[in-house]
Amino acid sequence: MSANYSAVLFSGGLDSAVLLAQVLADSRAGRRGPVAALYVGVGFAWEHEERQTAARLFAAPPFAGAIDPVELSFDMRDVFPASHWAVRGTPPAADTPDEDVFLDGRNLILLSKAAVYMAAAARPRPSAVTLLLGPLAGNPFPDATPDFFAAVARALSLGLAIPIDVETPLASMRKSEVIRRGIALGVPLELTMSCMAPEGGRHCGRCSKCRERRDAFRDAGVADPSAYLA
């Protein structure tokens, strides 16, 4: 027996948690088939905290009992040197532009590993796969454009001999809108982590991801439940 899977690239961040909750809701309503949540580690400094965050989220509604997360690895420490900020865990400051935290090939790596896993290891065997990830409106990176996602989907479909689509359902939304969507879906936003230098389950409060998170809660008119170190 085969199935048309939806596979969400999941990090424990606010955006991916809301995306996964939406995809699960669609599956329960019969608009999608089985749902997989895939975490792909590449060797960056914050991944231990992300894994712990994901575990807390998967133990809470609306995820508890609804998903069996899969953890994959695609080590990039032979590409990014030990001095790279993402490997050292020293991200640019909060007032720096988004372009300063661009990670070459990030979405290409995530999508490639996820697609190969789904085509080769998912059970029941997929008849088709939709890969979902959560870039938002205003994303400035070259690997977050519609042309890129369409080209990757075609290449993966050809290379794996299975229909593969790539969807970005949050691409027209600002983070403040995602927050409001998450509240409507019952996502425990206080358990999510949007930080490049977290420590002990708390946001650093000093990186641009923390600044973006704080600004988004303010713009959404919602009290920020996050714990910050600074």
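This text goes with the structure placed above it.
Just so it is clear, the model here is predicted, and its values are computed rather than measured.

Enquirer: Residues and numbers for the side chain of serine 208, please.
Expert: Positionally, serine 208 belongs in helix α7 (residues 208-220). In this structure, serine 208 is in contact with Pro92, Ala93, Ala94, Thr96, Val101 and Met196, ignoring residues within four places of it in sequence.

Enquirer: With reference to specific residues and values, describe helix α5 (residues 146-160).
Expert: If you check α5, its first and last C-alpha atoms are 21 Å apart, about what 15 residues at 1.5 Å a residue would give, namely 21 Å. All of the buried residues along α5 are Phe148, Phe149, Val152, Ala153 and Leu156. One side of α5 carries all its buried residues, which in axial view fall inside an arc of 130 degrees. Exposed positions of α5 whose direction lies more than 90 degrees from the buried face are Pro146, Asp147, Arg154 and Leu158.

Enquirer: Give me the packing of helix α6 (residues 175-185) against α7: which residues, what numbers.
Expert: Closest axis-to-axis distance for the α6/α7 pair is 8 Å, and the angle between their directions is 65 degrees. What the angle tells us is that α6 and α7 run roughly perpendicular. As α6 packs across α7, the resulting crossing turns out to be right-handed. Residues Lys175, Ser176, Ile179 and Arg180 of α6 touch α7, and the partners they reach there are Glu212, Arg213, Ala216, Phe217, Asp219 and Ala220. Residue composition of the contact of α6 with α7, by class: four nonpolar, one polar and five charged.

Enquirer: Tell me about the state of the cysteines, and name the residues and values.
Expert: For the structure on display, the rule yields zero disulfides. Residue cysteine 204 stays outside any disulfide, its sulfur separated by 3.6 Å from that of cysteine 195, the closest cysteine. Just so you know, cysteine 210 is unpaired, no disulfide at all, and the nearest cysteine sulfur is the one on cysteine 195, 3.7 Å from it. The exposure class of cysteine 210 is buried, given its relative accessible area of 0%.

Enquirer: I'd love a proper account of empty space enclosed by the protein, names of residues and values included.
Expert: In this structure the tally under the stated criterion is one cavity of 30 Å³ or more. Of the voids in this model, the largest cavity is the one considered here, and its volume is about 30 Å³. Every residue lining the largest cavity is listed: Val42, Phe44, Met76, Phe80, Asp104, Arg106 and Ile109. Residue classes in the lining of the largest cavity are distributed as five nonpolar, no polar and two charged.

Enquirer: Quick one: what's the story with the packing of helix α4 (residues 106-121) against α5, residue by residue and with numbers?
Expert: Between two packed helices, what matters for the description is the angle formed by their axes and the separation of those axes. Where α4 meets α5, the closest approach of the two axes is 11 Å, and the angle between their N-to-C directions is 30 degrees. Considering only the axes of α4 and α5, their crossing is right-handed. For the pair α4 and α5, contact is made by Asn107, Leu108, Leu111, Ser112, Ala115, Val116 and Ala119 and by Phe148, Phe149, Val152, Leu156 and Leu160, respectively. Of the residues belonging to the contact of α4 with α5, the class tally is 10 nonpolar, two polar and no charged.

Calculation notes
Residues numbered from 1 in each chain as written. Predicted model: local features only at pLDDT ≥ 70, side-chain atom pairs only at ≥ 80, totals over all residues. Heavy atoms only, no water. Helix = DSSP H or I, 4+ residues; strand = E, 2+ residues; numbered from the N terminus. Contact = heavy atoms within 4.5 Å. Expected span 1.5 Å × (residues − 1). Buried < 20%, exposed > 50% of the residue type's maximum accessible area, 1.4 Å probe, protein only. Arc of directions from axis to C-beta. Axes fitted to C-alpha atoms, helices over the stretch in contact; angles between N-to-C directions. Parallel < 35°, antiparallel > 145°, perpendicular 65-115°, else oblique. Left-handed = near helix turned anticlockwise from the far one by under 90°. Nonpolar A, V, L, I, M, F, W, Y, C, P; charged D, E, K, R; others polar. Disulfide = S-S within 2.5 Å. 1 Å grid on protein atoms, 1.4 Å probe; cavity = no way out; pocket = protein on both sides within 12 Å on 5 of 7 lines; lining within 4 Å. Points joined across faces, edges and corners; volume = space filled by probe spheres on them.

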